[in-house]
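The primary structure of each chain is shown beneath.
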Protein chains: 2
Amino acid sequence: MADVQAPPVLDAVAALAELAPIGADPVRGGWSRHLLDDADRAMRAWFVRTAESLELTVETDANANQWATWAPHGATGPAVATGSHLDSVPGGGPLDGPLGVVSALVAVSRLMAEGHTPSRPIVVANFAEEEGARFGVPCLGSQLLAGDIDTDRVRALVDTAGVTYPEAMAAAGHDAAAIGHDAARLSSMALYLELHVEQGCQLAPLGHPVGLATSILAHGRWRVTLTGRGDHAGATELGSRHDPMLVAAAAVQSARARAVGSDPVTRSRATVGKLQVVPGGSNAIASEVRLWLDARAEHDADVRDLVARIVGDIEAAGRAEGCEVTVAEESFSTRVAFDGDLTDRIAAALEPRFGDAPRIPTGAGHDAGILSAHLPSAMLFVRNPDGVSHSPLEGAADEDVRAGVDALAAALRALT
Amino acid sequence: MADVQAPPVLDAVAALAELAPIGADPVRGGWSRHLLDDADRAMRAWFVRTAESLELTVETDANANQWATWAPHGATGPAVATGSHLDSVPGGGPLDGPLGVVSALVAVSRLMAEGHTPSRPIVVANFAEEEGARFGVPCLGSQLLAGDIDTDRVRALVDTAGVTYPEAMAAAGHDAAAIGHDAARLSSMALYLELHVEQGCQLAPLGHPVGLATSILAHGRWRVTLTGRGDHAGATELGSRHDPMLVAAAAVQSARARAVGSDPVTRSRATVGKLQVVPGGSNAIASEVRLWLDARAEHDADVRDLVARIVGDIEAAGRAEGCEVTVAEESFSTRVAFDGDLTDRIAAALEPRFGDAPRIPTGAGHDAGILSAHLPSAMLFVRNPDGVSHSPLEGAADEDVRAGVDALAAALRALT
């Protein structure tokens, strides 16, 4: 007779289907789930419910990160941590980052079902505000945990609706006075392994469903404010205009041109994906344009150099149009090289099922990148057939989603 | 003993001060008052209250335009109509168009006080959705009244929040089934005279507080949709991008360059003042950009030619980036030449107080332009010291505001 008390064995495809209705964005398409908004809170409630169905111990830390711990008898010492994030970019895809959280919970359920007795606790993490879509700072939860960001700066953050970070935290029952470096939590972890859908298209041509990360490009975000003079689009002669849209256009083109110029050597890329026009009337010359420059390259100095060139172009365009230009750095993440020893151990665990899993670099930031400065960290990627990410078109085949769970379960088994 | 029943004599500066708190925009600065939103409804309530304090007969027509009629004993035949609009662009200035409505009510109060006995009724109009800021079609109220726009098209309009025109009308107690050509109202008017703050800076150098309009540039709005492929800003190589922001940048630059090229001959101007990025995440390549092109020139053919050149540039940029380009005309207003005889009569009425008032063209559209195709129409402009319009910085000196009322009162006196 079966033990009716046994936790269920979860299925990743089914779990992702459960999440699909949460935060669907009727305007942009895809999903919008931002720190502690209704959708994010529904995702977090799902995390609690699912982890508790596995009889895991669920906690939320002072930085709004969630943790679900499996520490059966005999599991001692620092934990093997795995997970990802449940928030999204505006109008994002279904897998970045729920795939990593879902796969972690499913892998744990499978290890339980097969009678695995871990030597260390396994803890599943959901990191808060990984995308930085609400308060502008990516990997906010892991940066706070790691003590990598000034807490006064975080408490001063304001979202686009004018809600401050402390107000958003308080509305969800958290106390922003308590945020910051969490040495106890950090030292409770031996390592961190994050599974993520591939961003880019390196695995498909190689014919592999899973791969391992080697590094993350150095990257950062800069907020550029262009101030001109609002006026009437019909009545204002061209010669007397100070139109910041012209300067914004130059910024967009400079970002592409400067990155193309240095791309072959430094893997540079620069993008303007967010731009706001004030006042934004079709018959009004803009008084102000705010845009965000995302710049990345192999090494920190490459990014600095790229941004300096682009800012130089923007300033020149501003002078030509008689507009003010101000530039503020919102975040900067140095190049990450993932732990080679840990990656080797995971590759060995994958070998029987997956052969020689490719090792690939990525241009995308991750909480694993933040944590890599504090504990051995590694990443598993699941094949993305056309490489699209941060878009509703992002996807992975069901069999690849399940292969990712196989890989993560094999790694967790070997590491515990 | 004074007659306690006499209506008050209003002051334009005081009336504008009463309106200042309504619709102040805390984000953009200035004022945002859009068709039948809370601010617009507060403005409309002020119109009713103020007109009733003058014992005028107040009506709202089927197209949501407001009318306040002074028809004392002996005033017969088609009315002399005057007024403007109470809605604004997003983050607009205080005077475009409340100055015209306020000045009309104040002028009527003054004619009453001085015992003027008009030979014709005088009617004060507040035209709905003049700016087109909510539903994208400028001069919507006057176009509907005049039968210049297809009513099915109007009933299909949707604002940026997804509210349809019929829903917005119903929420304010209006029935969108009843909109359209209002022959009775149109034939009840002998002429239309609109006072407006100057947009541009032609009066100040001439040293005149008021001027008269000669013409309105031909003008229109085109909505341009650029569709690329949303993707990750960090993980997507430059060579595989289809980023509609690059095409948008080309559109902004082409609008300026093509207009500058033809400006000396055709008074051409082209502007992108409204632009929306989808999804709008700082670490996401845009999947779609929507932008609005405002183009104007002396003659209709000049505008068509200008827009064709700009669209050609946008299409070329779209092909280069692998993005789709679609262009939809939202509105087109042919060149307006105001009624010369009516303008001469008004100029003669102004002469004793203002001497030879300058006659100037304008690049801005107005309800007077719409009505000019149906009845004799004219415009009075009040000096704008630095010419700024569609901006919180728009303004006029108090003495010029009062001079505008003097001019309008003199014109109404002479015309009735």
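These numbers were taken from a predicted model, which means no experiment stands behind them. (Residues numbered from 1 in each chain as written. Chains lettered and ligands numbered in written order. Predicted model: local features only at pLDDT ≥ 70, side-chain atom pairs only at ≥ 80, totals over all residues. Heavy atoms only, no water.)

In terms of regular secondary structure, chain A is built from 13 helices and 15 strands. Taking 2.2 N^0.38 as the reference for a compact globule, 416 residues should give roughly 22 Å; the C-alpha atoms of chain A span a radius of gyration of 23 Å, in line with that estimate. With respect to the principal axes defined by its C-alpha atoms, chain A has extents near 85 × 45 × 35 Å. For chain A, with 416 residues in total, the buried portion stands at 61%. Across chain A, contacts joining residues at least 24 apart in sequence account for 77% of those joining residues at least 6 apart. About 14,400 Å² of surface is accessible on chain A, with carbon and sulfur atoms providing 52% of the total. When the 32 positive and 54 negative side-chain charges of chain A are each reduced to one mean point, those points stand 2 Å apart. (Helix = DSSP H or I, 4+ residues; strand = E, 2+ residues; numbered from the N terminus. Rg over C-alpha atoms; globule rule 2.2 N^0.38 Å. Buried < 20%, exposed > 50% of the residue type's maximum accessible area, 1.4 Å probe, protein only. Contact = heavy atoms within 4.5 Å. Areas by Shrake-Rupley, 256 points an atom, 1.4 Å probe, with all protein chains shown as cover. Lys, Arg positive; Asp, Glu negative; His and termini not counted. Charge placed at Lys NZ, Arg CZ, Asp CG, Glu CD.)

Along the chain, the position of Arg269(A) falls in strand 9 (residues 269-278). Within the structure, Arg269(A) has its side chain in polar contact with the backbone oxygen of Gly234(B) (distance 2.7 Å). (Polar contact = N/O pair within 3.5 Å; in protein donor to acceptor, adjacent residues only side chain to side chain.)

Pairing between sheet strands relies on hydrogen bonds along the backbone, with the strands arranged either parallel or antiparallel. Residue and element names in this part refer to chain B. Read from one edge to the other, the open sheet built from 4 strands follows the order 9-11-7-12, with strand pairing classed as antiparallel. Since the sheet does not close on itself, it has two edges, and those belong to strand 9 (269-278) and strand 12 (324-333), each with one partner. The mean angle between the axes of side-by-side strands here comes to 15 degrees, regardless of whether they run parallel or antiparallel. Sheet strands touched by helix 10 (residues 300-321): strand 7 (218-227), strand 9, strand 11 (288-297) and strand 12. Its angle to strand 11, the strand with the most contacts, is close to 155 degrees. (Pairing = 2+ DSSP bridges. Axes fitted to C-alpha atoms, helices over the stretch in contact; angles between N-to-C directions.)

Residue and element names in this part refer to chain A. Split by domain assignment, chain A resolves into domain 1 (12-217 + 335-415) and domain 2 (218-333). Centre-to-centre, using C-alpha coordinates, domain 1 lies 32 Å away from domain 2. Opposite the 15 residues of domain 1 that make contact, domain 2 presents 14 residues. Around 1,200 Å² of area is buried between domain 1 and domain 2 when both sides are counted, 43% of it from carbon and sulfur atoms. In terms of surface lost to domain 2, no three residues of domain 1 exceed Pro 138, Leu 217 and Arg 335, which account for 54% of the buried area on that side. Run the count over domain 1 and domain 2 and you get 1 salt bridge. Ionic pairing is found between Glu 298 and Arg 335, a salt bridge with its closest N-O pair at 3.0 Å. Counting every contact that joins domain 1 to domain 2 gives 7 residue pairs in polar contact (both at pLDDT 80 or more). Each residue belonging to the side of domain 1 that touches domain 2 can be placed in one class, and the counts come to 6 nonpolar, 6 polar and 3 charged. (Domains from an automatic or database assignment. Buried area = accessible area lost by both parts, 1.4 Å probe. Salt bridge = Lys/Arg side-chain N within 4 Å of Asp/Glu carboxyl O. Nonpolar A, V, L, I, M, F, W, Y, C, P; charged D, E, K, R; others polar.)

What follows deals with helix 2 (residues 38-53) of chain B. All names here are of chain B. With 16 residues, helix 2 should cover 22 Å at 1.5 Å per step; its first-to-last C-alpha distance of 22 Å lies within 8% of that length. For helix 2, the full list of buried residues reads Ala 39, Asp 40, Met 43, Arg 44, Trp 46, Phe 47, Thr 50 and Ala 51. Buried residues of helix 2 fall within an arc of 155 degrees about the axis and therefore sit on the same side. Projecting away from the buried face of helix 2 at angles above 90 degrees are the exposed residues Asp 38 and Arg 49. The inward-facing, buried residues of helix 2 abut helix 1 (12-19), strand 1 (57-60), strand 2 (66-70), helix 3 (98-113) and strand 4 (122-126). With a side-chain oxygen positioned 3.2 Å from the backbone nitrogen of Ala 39, the residue opening helix 2 is Asp 37. (Expected span 1.5 Å × (residues − 1). Arc of directions from axis to C-beta.)

To continue, consider the relation of the copies chain A and chain B. Note: a rotation about an axis with an accompanying shift along it relates these two copies of the chain. Mapping chain A onto chain B calls for a rotation angle of 180 degrees and an axial translation of 0.0 Å; the resulting RMSD is 0.1 Å. Here the transformation between the copies is reduced to the relation of a two-fold axis. For chain A, the minimum C-alpha distance to the rotation axis belongs to Ala249(A) and amounts to 2.1 Å. A shared interface surface links the copies, since 100% of the contact residues of chain A are contact residues in chain B too. (Least-squares fit on C-alpha atoms with pLDDT ≥ 70 in both.)

Attention now moves to the nonpolar core. Formed by 66 residues in total, the largest nonpolar core has its most connected members in Leu275(A) and Leu275(B). Excluding its chain neighbours within four sequence positions, the residues that come into contact with Leu275(A) are Ala248(A), Val289(A), Arg290(A), Leu291(A), Met245(B), Leu275(B) and Val277(B). Grouped together as the second largest cluster of nonpolar side chains are 55 residues, Val106(B), Ala357(B), Ala407(B) and Leu415(B) included. (Core = buried A, V, L, I, M, F, W, Y, C linked by side-chain atoms within 4.5 Å.)

Another aspect to go through is the interface of chain A and chain B. The partner chain B presents 61 residues to the 61 residues of chain A that form the contact. Note on chain A versus chain B: buried area summed over both sides is about 5,100 Å², and carbon and sulfur give 56% of it. Broken down residue by residue, the surface that chain A buries against chain B is led by Leu238(A), Arg256(A) and Ser282(A), which jointly contribute 14%. There are 2 salt bridges connecting chain A and chain B.

Looking now at unusual backbone geometry. Note the cis peptide between Asp96(A) and Gly97(A), where omega equals 0 degrees. With a phi angle near 50 degrees, Glu129(A) is a residue other than glycine that sits in the positive phi range. By the secondary structure assignment, Glu129(A) is in the loop between strand 4 (122-126) and helix 4 (140-146). The exposure class of Glu129(A) is buried, given its relative accessible area of 1%. The residue Ala64(B) is not glycine, and still its phi comes out positive at about 75 degrees. One can find Ala64(B) in the loop between strand 1 and strand 2.

Let's shift gears to the packing of helix 11 (residues 340-354) of chain A against helix 13 (residues 398-415) of chain A. All names here are of chain A. As a packed pair, helix 11 and helix 13 sit with axes 9 Å apart at the nearest point and diverge in direction by 125 degrees. The pairing of helix 11 with helix 13 is recorded here as oblique in orientation. Every pair of crossing elements has a handedness; the one defined by helix 11 and helix 13 is right-handed. Along its contact with helix 11, which presents Leu 342, Arg 345, Ile 346, Ala 349, Leu 350, Arg 353 and Phe 354, the element helix 13 presents Ala 403, Asp 406, Ala 407, Ala 410, Ala 411, Ala 414 and Leu 415. For the contact of helix 11 with helix 13, the class distribution of residues is 11 nonpolar, no polar and 3 charged. (Parallel < 35°, antiparallel > 145°, perpendicular 65-115°, else oblique. Left-handed = near helix turned anticlockwise from the far one by under 90°.)

One pass over the structure, following the stated rule, counts 8 aromatic pairs over all chains. Ring geometry for Trp67(A) against Phe127(A): centres 5.5 Å apart, planes inclined by 85 degrees, an arrangement best described as edge-to-face. Here Trp67(A) is found in strand 2 (residues 66-70), whereas its partner Phe127(A) is found in the loop between strand 4 and helix 4, with 60 residues between them in sequence. Ring-pair connections join several aromatic residues into one group, and the members of that group are Trp67(A), Phe127(A) and Tyr192(A). Sitting above the plane of the Trp292(B) ring, Lys274(B) keeps its charged end 4.4 Å from the centroid. (Phe/Tyr/Trp six-rings, centres within 6.5 Å; stacked < 30°, edge-to-face > 60°. Lys NZ or Arg CZ within 6 Å of the ring centre and 35° of its normal.)

Detailed reading of the predicted coordinates is not advisable wherever pLDDT is low. Residue-level pLDDT values for chain A average 95, and 98% of them are 70 or greater. On the interface metric, ipTM, the complex scores 0.83, and its pTM is 0.83. (pLDDT = per-residue confidence, 0-100.)

The next thing to look at is the pattern of salt bridges. Applying the stated criterion across every chain yields a total of 40 salt bridges over all chains. Between Glu321(A) and Arg256(B) there is a salt bridge, with its nearest N and O atoms 2.8 Å apart. With Glu321(A) in helix 10 (residues 300-321) and Arg256(B) in helix 9 (residues 244-266), the pair connects residues from two separate chains. Summarising the burial analysis for this pair, Glu321(A) and Arg256(B) share the class buried. Its salt-bridge partner being Arg110(B), residue Asp406(B) comes within 2.4 Å of it at the nearest N-O pair. Residue Asp406(B) is located in helix 13 (residues 398-415), and its partner Arg110(B) is located in helix 3; the two are separated by 296 residues in the primary sequence. The class for Asp406(B) is partly exposed, based on a relative accessible area of 22%. Connected through shared salt-bridge partners, Arg110(A), Arg353(A) and Asp406(A) make up one network.

Attention now goes to the pairing of strand 14 (residues 359-362) of chain B. Residues and elements named next belong to chain B. Of the two faces of strand 14, the one holding Ile 360 and Thr 362 is buried and the one holding Arg 359 and Pro 361 is not buried anywhere. Both strand 6 (residues 210-216) and strand 14 contribute to a ladder of 3 bridges, which runs parallel. For Leu 212, the partnering residue across the bridge sits in strand 14 and is Arg 359.

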